[in-house]
Amino acid sequence: MKITNDSVVSFHFTLNVNGKTVESSFGSEPLVYLHGHHGIVPGLEEALEQKQKGEKFNITLPPEKAYGARNEKLVQKVPLNQFPQDVTAGMQFQVDGPQGAMIITVTNVSSTEVTIDANPEMAGQTLNFDIEVMDVRTATQEELAHGHVHGPGGHHHD
Ligand code: ZN
């Protein structure tokens, strides 16, 4: 079957940025998502439409089809005393933002201030994906009601 809205899709990917591999699922578990529910970046979801099990392709996504442009307003300086004493550049914190939980990254620590960046790590980047579609199936009624995939690679309920 071909991938359409409400398909449950398993795929392997390798993500390349600026010619370097930054992440790959090959050799481990494939990624599983519910198609048409914005569970993956928009350009990749578009590219997977109508593909089927066994298909392989490569796609390059500009930032607007991936994690969006960088927003320099999301870079802020905060007094050092608002952070744990061991704060260092590269640390990440989860905070509650206007659109739910977001990850902020510490990009610089001076003697008085900490610079934080709330842009997604891949914001402003052109992403290149190698994709292999491993499986396509129809979502169950329960999965559709929940808006996510159940079972291997998906959501688990206790
Ligand atoms: Zn569920």
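These numbers come from a predicted model, not from an experiment. (Residues numbered from 1 in each chain as written. Predicted model: local features only at pLDDT ≥ 70, side-chain atom pairs only at ≥ 80, totals over all residues. Heavy atoms only, no water.)

### Concerning the sheet that holds strand 5 (residues 75–79)
Taken in spatial order, the four strands make up an open sheet running 5-8-7-6, and their pairing is antiparallel. Only two strands of the sheet have a single neighbouring strand rather than two, namely strand 5 and strand 6 (92–97). Sheet twist, expressed as the average angle between the axes of neighbouring strands with direction ignored, equals 40°. Sheet analysis places strand 7 (residues 100–109) next to strand 8 (residues 113–117), joined by four bridges and oriented antiparallel. Across the sheet, residue Thr105 finds its bridge partner in strand 8, namely Asp117. (Pairing = 2+ DSSP bridges. Helix = DSSP H or I, 4+ residues; strand = E, 2+ residues; numbered from the N terminus. Axes fitted to C-alpha atoms, helices over the stretch in contact; angles between N-to-C directions.)

### A few points about the pairing of strand 8
In terms of burial, strand 8 is largely enclosed, as four of its five residues are buried. Here strand 5 pairs with strand 8 via five bridges, running antiparallel. Residue Val75 lies in a different strand from strand 8, and its bridge partner there is Asp117. Between strand 7 and strand 8, which pair antiparallel and follow one another directly, the connecting turn spans three residues. (Buried < 20%, exposed > 50% of the residue type's maximum accessible area, 1.4 Å probe, protein only.)

### Re the pattern of salt bridges
Following the criterion strictly, the structure yields four salt bridges and no others. The residue Glu46 makes a salt bridge to Lys65 at a minimum N-O spacing of 3.1 Å. Linking Glu46 in helix 1 (residues 42–48) with Lys65 in the loop between strand 4 (56–61) and strand 5, this pair joins segments that are 19 residues apart in sequence. On the accessibility criterion, Glu46 (51% relative accessible area) is exposed. For the salt bridge of Asp117 with Arg70, the shortest nitrogen-to-oxygen distance reads 3.0 Å. With Asp117 in strand 8 and Arg70 in the loop between strand 4 and strand 5, this pair connects stretches of sequence that are 47 residues apart. With relative accessibility at 9%, the residue Asp117 sits in the buried group. The class of Arg70 is partly exposed, set by a relative accessible area of 37%. (Salt bridge = Lys/Arg side-chain N within 4 Å of Asp/Glu carboxyl O.)

### A closer look at the nonpolar core
Counting residues in each nonpolar core, the largest one holds 22 residues, and the members touching the most others are Phe11, Leu44, Leu48, Phe129 and Ile131. Secondary-structure elements contributing two or more residues to this core are strand 1 (7–17), helix 1, strand 4 and strand 9 (127–138). If near-sequence neighbours (up to four positions away) are discounted, Ile131 is found in contact with Phe11, His12, Phe13, Leu44, Leu48, Glu55, Lys56 and Phe57. By size, the runner-up hydrophobic cluster in this structure holds eight residues, among which are Val78, Phe83, Ile104 and Val106. (Core = buried A, V, L, I, M, F, W, Y, C linked by side-chain atoms within 4.5 Å. Contact = heavy atoms within 4.5 Å.)

### Some points on the packing of aromatic side chains
Counting across every chain of the model gives four aromatic pairs. Between Phe11 and Tyr33, the aromatic rings sit 5.7 Å apart at their centres with planes inclined by 85°, giving edge-to-face as the arrangement. With Phe11 in strand 1 and Tyr33 in strand 3 (residues 31–34), this pair connects stretches of sequence that are 22 residues apart. For the pair Phe11 and Tyr33, one class covers both residues: buried. Between the aromatic rings of Phe13 and Phe129, the centroid separation amounts to 6.3 Å while the plane-to-plane angle is 65°, which identifies the pairing as edge-to-face. Here Phe129 lies in strand 9 and Phe13 lies in strand 1, a separation of 116 residues in the sequence. The burial state of Phe13 is the same as that of Phe129; both residues are buried. Grouped by ring-pair contacts, the aromatic residues Phe11, Phe13, Tyr33 and Phe129 constitute a single cluster. Across the ring face of Phe57, the terminal group of Lys51 is positioned such that the distance to the ring centre comes to 4.6 Å. (Phe/Tyr/Trp six-rings, centres within 6.5 Å; stacked < 30°, edge-to-face > 60°. Lys NZ or Arg CZ within 6 Å of the ring centre and 35° of its normal.)

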